[in-house]
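Structure assessment
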Amino acid sequence: MKHVLYAGVAALALSTGMAAADGHLKFAPGEGDFTWSSFEALKAMDLAGETITVLGPWLGPDKDLVETVIAYFEAATGATVDYSGSDSFEQQIVIDAEAGSPPNIAIFPQPGLAADMAAKGFLTPLSAGTADWTRENYAAGQSWVDLGTYAGKDGSDAMYGFFYKVDVKSLVWYVPENFEDAGYDVPETMEDLKALSDQIVADGGTPWCIGLGSGGATGWPATDWVEDMMLRTQTPADYDAWVSNELPFNDPKVVAAIEEFGAFARNDAYVAGGAGAVATTDFRDSPQGLFASPPQCYMHRQASFIPSFFPEGTDVGVDADFFYFPAYAGKDLGQPVLGAGTVFGVTKDSKGAQAFMEFLKTPIAHEIWMAQTGFLTPHKGVNTAVFTDPTVAKMNDILLNADTFRFDGSDLMPGAIGAGVFWTGMVDYAGGKDATDVANSIQDTWDSIK
């Protein structure tokens, strides 16, 4: 459910207003800050006569955007790429694969489904060297290798998935004018963030707006908090073990992360409306307090899509801004980033399919979308000068400075957990239930579905 929300990051960016170079390519080769050498190098691939079919989740504006990228591959290689988008991608790709008629390439919104398909023999391993390339060229490269590595039908691990187009969740939103008026600095460590929260309370203000309401999905914003806290208090290996339940949900490490969230959400002095309002406040309404006069709160932790729910006319970067949800200075865990993204896999192997996957490694494949709207990348070889919106560029800097990237944990858990009792358990916890009791209940459910 949650990955659908991230399309809202597109609302942050401005249209470039540039006309297509020749009615086919969005930007004229050789012009601007693009890495055109990577486009020229593609011309060594002679794929005339090759047709590559691609199925993904993108419709509407995102479909148009990915097709502007595909056009450069077609122009350089002579191949034809047919992209189809589906709002029921997760079901359609399984049906097509089981029927023996999959596309050449599938674009998965979540790595869990890609892993399932690899285990059934429906994915082809990526070319030799892709894992090494990713380690060297993506920030937090090993994280991306791990997220794209799955067990095949024979049980052996291989890299089947390549991440392209990423979203960031580890963000705290604020109003710069409010900080300036009160004399507050943007915190750079978790210790500083907690000290700032205490200072705001001492000054008579309320530091946080937090809302968990989301209709039938009420509770999911708290899962993001807990995931971020797991990454800031435990190792990436512990996070991975938690997501797979090798580390039980009621392990003291997980309970401690839940209580880290509670240190913010269950503190009446910290939250607008008091702790009792957290579970009943709709997540879409919760950031409104930032813009009240006087401010009802000073900070709101939420992913890159949330400006879609800011008051109309809010100028992101001026009226509102964000900073990285910081790590603890006192823990040696680097700069972890929580997020999501789309992973490309080969579902019907061909010369053209392998060539297209190689294309995704090139700077130009990223820069064309970067220069338009709603695209973040961990690719260290891109020229970030092509970003047209400084807000999106700043989000991308967070990705490029990450030591560790981890995918939204609840989206990787079984649906009964990640989109079920984890959500409801966090509502219970926000309402006052003991963290250990909540964790025990979630683990009991996980045990029951094994």
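Attention in this report is confined to the structure presented alongside it. Just so it is clear, the model here is predicted, and its values are computed rather than measured. Numbering of residues begins from 1 in every chain and follows the order in which that chain's sequence is written. At least 70 in pLDDT is required for a residue's local features to be given in this predicted model, at least 80 for side-chain atom pairs to be given and counted, and no such filter applies to totals for whole chains, interfaces and linings, which use all residues. Excluding hydrogens and water, the side-chain figures rest on all heavy atoms present in the structure.

**Looking at the overall build of the chain**
Put simply, the rule reads: The way it works is that DSSP assigns letters per residue, a run of H or I at least four long becomes a helix, a run of E at least two long becomes a strand, and they are numbered from the N terminus. For the radius of gyration, the atom set is restricted to C-alpha positions; the globular benchmark scales as 2.2 Å times the number of residues to the power 0.38. Relative accessibility under 20% of the residue-type maximum defines a buried residue, over 50% an exposed one, and the middle range a partly exposed one, all with a 1.4 Å probe and only protein chains included. Working rule for contacts: check all heavy atoms of both residues, and any pair within 4.5 Å makes them a contact. With residues, only the protein chains shown are counted as cover, and all accessible areas are computed by Shrake-Rupley using a 1.4 Å probe. Lys and Arg are tallied as positive, Asp and Glu as negative. Neither His nor the chain termini are counted. Charged groups are reduced to one reference atom each: NZ for lysine, CZ for arginine, CG for aspartic acid, CD for glutamic acid.
What the chain contains, in helices and strands, is 18 helices and 11 strands. Expected size for 450 residues packed as a compact globule is a radius of gyration near 22 Å; at 22 Å, the chain falls within 12% of this value. For the chain, buried positions account for 56% of its 450 residues. A sequence separation of at least 24 residues applies to 75% of the contacts in the chain between residues at least 6 apart. Summed over all atoms, the accessible surface of the chain reaches about 16700 Å², with 48% contributed by carbon and sulfur. Where the 24 positive side-chain charges of the chain centre and where its 61 negative ones centre are 6 Å apart.

**Quick look at the layout of surface pockets**
Just so we agree on the cut-off: The rule is simple: put a 1 Å grid over the protein atoms alone, call a set of points where a 1.4 Å probe fits but cannot get out a cavity, call an open set with protein on both sides within 12 Å along at least five of seven lines a pocket, and count a residue as lining if it has an atom within 4 Å of a point. Grid points are joined across faces, edges and corners, and a volume is the space filled by probe spheres set on the points. Asp, Glu, Lys and Arg are counted as charged, while Ala, Val, Leu, Ile, Met, Phe, Trp, Tyr, Cys and Pro are counted as nonpolar; the rest, among them Gly, fall into the polar class.
Within this model, the largest pocket holds a volume of roughly 580 Å³. Lining the largest pocket are 20 residues, with Asp-146, Asp-240, Val-243, Ser-244 and Leu-412 sitting closest to its centre. Residue assignment for the lining of the largest pocket shows that the elements contributing at least two residues are helix H5 (111-119), helix H7 (141-148), strand E4 (149-151) and helix H11 (236-244). At five residues, the largest contribution of residues to the lining of the largest pocket is made by H11. Here the lining of the largest pocket is built from residues that sort into 11 nonpolar, four polar and five charged.

**Some remarks on the nonpolar core**
Let me state the cut-off plainly: Residue types Ala, Val, Leu, Ile, Met, Phe, Trp, Tyr and Cys, when buried and joined through side-chain atoms within 4.5 Å, form a set referred to as a nonpolar core.
Counting 100 residues, the largest nonpolar core has Phe-73, Phe-108, Trp-173, Phe-344, Phe-356 and Phe-359 as its most contacted members. Take this core: its biggest share by element is eight residues, from helix H3 (residues 60-77). In this structure, Leu-247, Phe-264, Tyr-270 and Met-426 belong to the second largest nonpolar core, which totals 50 residues.

**Overview of H5**
This is how it is decided: Comment: arc refers to directions from the helix axis out to C-beta atoms.
Listing the buried residues of H5 in full gives Pro-111, Leu-113, Ala-114, Met-117 and Ala-118. Down the axis of H5, the sector holding all buried residues measures 160 degrees, keeping them to one side.

**Section: unusual backbone geometry**
Following Ser-293, the chain continues to Pro-294 via a peptide bond in cis, the omega torsion being 0 degrees. Residue position: Pro-294 is located in the loop between helix H12 (252-265) and strand E8 (300-301). Residues other than glycine seldom take positive phi values, yet Asn-245 does so here, at roughly 70 degrees. Within the fold, Asn-245 resides in the loop between H11 and H12.

**Things to note about the sheet that holds strand E7 (residues 171-174)**
Condition: Any two strands between which DSSP finds at least two bridges are classified as paired.
Taken together, three strands build an open sheet; the order of strands is E8-E7-E9 and the sheet is antiparallel. Across the chains shown, the open sheet's two edge strands, defined by having one partner strand only, are E8 and strand E9 (321-324). Pairing between E7 and E8: two bridges, direction antiparallel. Looking across to E8, one finds that Val-172 is bridged to Arg-301.

**Observations concerning the environment of Ile-368**
Tracing the chain through its elements places Ile-368 in helix H14 (residues 363-370). Taking the C-alpha atoms as reference points, Ile-368 and Leu-25, separated by 343 residues in sequence, lie 9.7 Å from one another. Not counting residues up to four positions away in its chain, the partners in contact with Ile-368 are Phe-27, Phe-34, Trp-36, Thr-68, Val-69 and Tyr-72.

**Details of the state of the cysteines**
This is how the line gets drawn: Put simply, a disulfide is two cysteine sulfurs that come within 2.5 Å.
Inspection of the entire model under this criterion finds one disulfide. Covalent S-S linkage joins Cys-209 and Cys-297, the inter-sulfur distance amounting to 2.1 Å. The sign of the -100 degrees torsion about the S-S bond sets the Cys-209-Cys-297 disulfide as left-handed. Of this pair, Cys-209 sits in the loop between helix H9 (190-202) and helix H10 (220-233) while Cys-297 is found in the loop between H12 and E8, placing the two residues 88 residues apart along the sequence. The pair formed by Cys-209 and Cys-297 is uniform in burial state, with each residue classed as buried.

**So, the packing of H3 against H14**
Two quantities define a packed helix pair, namely the angle between the axes and the distance from one axis to the other. Convention followed: To get an axis, fit a line to the C-alpha atoms, keeping to the stretch in contact for a helix; angles then go from 0 to 180 degrees between the N-to-C directions. By the definition used in this description, the sense in which the near helix is turned from the far one sets the handedness, with an anticlockwise turn below a right angle giving left-handed and a clockwise turn giving right-handed.
Two numbers describe how H3 lies on H14: the axes approach to 9 Å, and their chain directions differ by 145 degrees. Here H3 and H14 pass one another in a crossing that is right-handed. Between H3 and H14, the residues in contact are Asp-62, Leu-65, Val-66, Thr-68, Val-69 and Tyr-72 and Ala-365, Ile-368 and Trp-369, respectively.

**Some remarks on the packing of aromatic side chains**
Rules: Pairing of aromatic side chains here covers Phe, Tyr and the six-membered ring of Trp, requires ring centres within 6.5 Å, and sorts the geometry by plane angle: under 30 degrees stacked, over 60 edge-to-face, intermediate tilted. Working rule: Lys NZ or Arg CZ, within 6 Å of ring centre, within 35 degrees of ring normal, means a charge sits over the ring.
Inspection of every chain in the model, using the stated rule, returns 47 aromatic pairs. Their ring planes at 35 degrees and their centres at 4.8 Å tell us that Phe-27 and Phe-34 sit as a pair that is tilted. According to the relative accessible area criterion, Phe-27 is buried, its value standing at 2%. Pairing Phe-34 with Trp-36 gives two aromatic rings, centres 5.2 Å apart and planes at 50 degrees, and the pair type is tilted. Here the aromatic residues Trp-133, Tyr-138, Trp-144, Phe-162, Phe-163, Phe-405 and Phe-407 are joined through ring pairs into a cluster of three or more. Over the ring of Tyr-328 we find Lys-331, and its NZ or CZ is 5.5 Å from the ring centre.

**As for the side chain of Ser-197**
By the element assignment, Ser-197 lies in helix H9. Judged by its relative accessible area of 0%, Ser-197 falls in the buried class. For Ser-197, the residues in contact, after removing those within four places along its chain, are Pro-207, Trp-208, Phe-264, Tyr-270 and Met-299.

**Re the pairing of strand E3 (residues 105-108)**
Side chains Ile-105 and Ile-107 of E3 all project onto a buried face; the interleaved residues Ala-106 and Phe-108 project onto the opposite face, where all are buried too. Bridge count between strand E1 (residues 51-56) and E3: two bridges; the pairing is parallel. Residue pairing in the sheet places Val-54 in a bridge with Ile-105 of E3. Note that E3 and strand E10 (residues 336-346) share four bridges and pair antiparallel. Within the sheet, the bridge partner assigned to Ala-106 lies in E10 and is Gly-345.

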